[in-house]
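Observations on chain architecture
Spelled out, the chains give:
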Amino acid sequence: MTGAGVSAESGVPTFRGAEGLWEGRRAEDVATPEAFARNPRDVWDFYRWRLRKLADVKPNPGHYAIARLEQKSEHFWLITQNIDGLHAAAGSQNVIEIHGTIRFVRCHECHSRRDIREVIDEELPRCQKCDGLMRPAVVWFGEMLPPAALNAAHEAIQRCDFMLVAGTSGVVEPVASFSYWAKNNGAKIIEVNVERTPISSIADVSLFGKSGEVLPQLIGD
Ligand code: BV8
Ligand code: ZN
């Protein structure tokens, strides 16, 4: 299971680090349906800023190590909170994007989807089917997680022997509870982070260091 700390090694800003503010505002204030209803341009500006930050980033050794772990595993699921698509770019296959993806937009009304590159030049992209407002296909605060992704995550949590938790602050629910559920199901928890998190208290092993350095050492070739 991964969070922003894995993409941080590719130069992508995290949510709650020092640079975790967008023009002095927190994601929790902008990435919400209420903010979108109140001022959709403002929310689109936030996501155009995020997308620009992603323009030249590439997967880092941590992403590639996770892709290798999948190749070496009989059963492997990757639950990622990251919306940047870098795990798939590094070759990960069974990726559950539990908080959606910035690579697509969907209609806020009828959920029809398009590649975000097709609409990025429009100030307020509208749906070609129902003229509703298009928005990034991410999960906002206060929105339900995509049922299919949630079901896939529940299956992984029920069945896994161990959960590797890398680069997440463990504060956003319900994902923050996933490692507790896995632990309750008998899984071993290995945490990789630069600092202690709430997950450290239940981790069987916590490896403190940068994910781009620790994951390749942990996973090997
Ligand atoms: C829902 C997509 C319910 C958008 C995201 C009060 C109490 C408890 C819960 C709540 C509450 N009020 C509201 C809630 C619920 C809320 C929530 O949990 N809020 C939090 C802030 C308290 N949750 C929700 O709203 C969720 N939905 O609950 O629906 C519902 C029920 C019924 C009917 C309707 C609704 C939806 C949450 C999804 C929000 N979307 N992202 C976008 O990206 O724009 S969340 C966003 O933050 C990310 O996706 C990510 O998932 C999340 C957490 O971020 P992290 O990935 O952990 O990153 P962070 O910066 O926090 O931490 C980075 C970590 O990496 C740190 O630990 C750092 O030390 C480490 N690190 C840094 N560098 C490195 C490193 N580690 C290794 N190497 C490095 N180099
Ligand atoms: Zn529509």
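Data block above holds the structure.
Quantities reported herein were computed from a predicted structural model and do not represent experimental measurements.

**Considering the sheet that holds strand β7 (residues 188-193)**
Sheet architecture is open: three strands sit in the order β6-β7-β8, paired in parallel fashion. Two strands close off the open sheet at either side, each with one partner strand: β6 (162-166) and β8 (205-208). The average angle at which neighbouring strand axes cross in this sheet is 15°, direction not considered. Pairing analysis gives four bridges linking β7 to β8, with the strands arranged parallel. When the bridges of β8 are listed, Val192 appears paired with Leu207. Of the strands in this sheet, β6, β7 and β8 are in contact with helix α9 (residues 211-219), which crosses β7 at around 140°.

**Brief notes about the pairing of strand β5 (residues 134-138)**
Counting buried positions over the five residues of β5 gives five, a clear majority of the element. When strand β3 (residues 100-107) meets β5, the two strands line up antiparallel, connected through five bridges. Looking across to β5, one finds that Gly100 is bridged to Val138.

**Focus on unusual backbone geometry**
The step from Glu173 to Pro174 runs through a cis peptide bond, and the omega angle for that step is -5°. With respect to the helices, strands and loops of the structure, Pro174 is situated in the loop between β6 and α8 (178-184). With a phi angle near 65°, His111 is a residue other than glycine that sits in the positive phi range. Structurally, His111 is set in the loop between β3 and β4 (113-115). At Asp131, a residue that is not glycine, the phi angle is positive and equals roughly 70°. Looking at where Asp131 falls in the secondary structure, it is placed in the loop between β4 and β5.

**With respect to the coordination of the zinc ion (ligand 2)**
Every protein donor of the zinc ion (ligand 2) is listed here as Cys107 (SG), Cys110 (SG), Cys127 (SG) and Cys130 (SG), and their distances to the metal cover 2.2 to 2.3 Å. Considering all four donor atoms around the zinc ion (ligand 2), the spread of angles at the metal, 98 to 121°, places the coordination shape in the tetrahedral class. Binding-site remark: the zinc ion (ligand 2) is held by donors from one chain whose sequence spacing is C-x2-C-x16-C-x2-C. Within this pair, whereas Cys110 is found in the loop between β3 and β4, its partner Cys130 is found in the loop between β4 and β5, the two being separated by 20 residues in sequence.

**Quick look at the pattern of salt bridges**
Here the structure, examined in full by the defined rule, presents seven salt bridges. As a salt-bridge pair, Glu28 and Arg26 come within 4.0 Å of each other at their nearest N and O atoms. Given the relative accessible area of 29%, Glu28 is considered partly exposed. With relative accessibility at 33%, the residue Arg26 sits in the partly exposed group. Note that Glu118 is salt-bridged to Arg114, the shortest N-O span being 3.0 Å.

What counts, and at which threshold
Residues numbered from 1 in each chain as written. Chains lettered and ligands numbered in written order. Predicted model: local features only at pLDDT ≥ 70, side-chain atom pairs only at ≥ 80, totals over all residues. Heavy atoms only, no water. Pairing = 2+ DSSP bridges. Helix = DSSP H or I, 4+ residues; strand = E, 2+ residues; numbered from the N terminus. Axes fitted to C-alpha atoms, helices over the stretch in contact; angles between N-to-C directions. Contact = heavy atoms within 4.5 Å. Buried < 20%, exposed > 50% of the residue type's maximum accessible area, 1.4 Å probe, protein only. Donors = N, O, S within 2.8 Å, 3.2 Å for Na, K, Ca; no water. Tetrahedral: all angles 85-135°; square planar, octahedral: opposite > 155°, others 65-115°. Salt bridge = Lys/Arg side-chain N within 4 Å of Asp/Glu carboxyl O.

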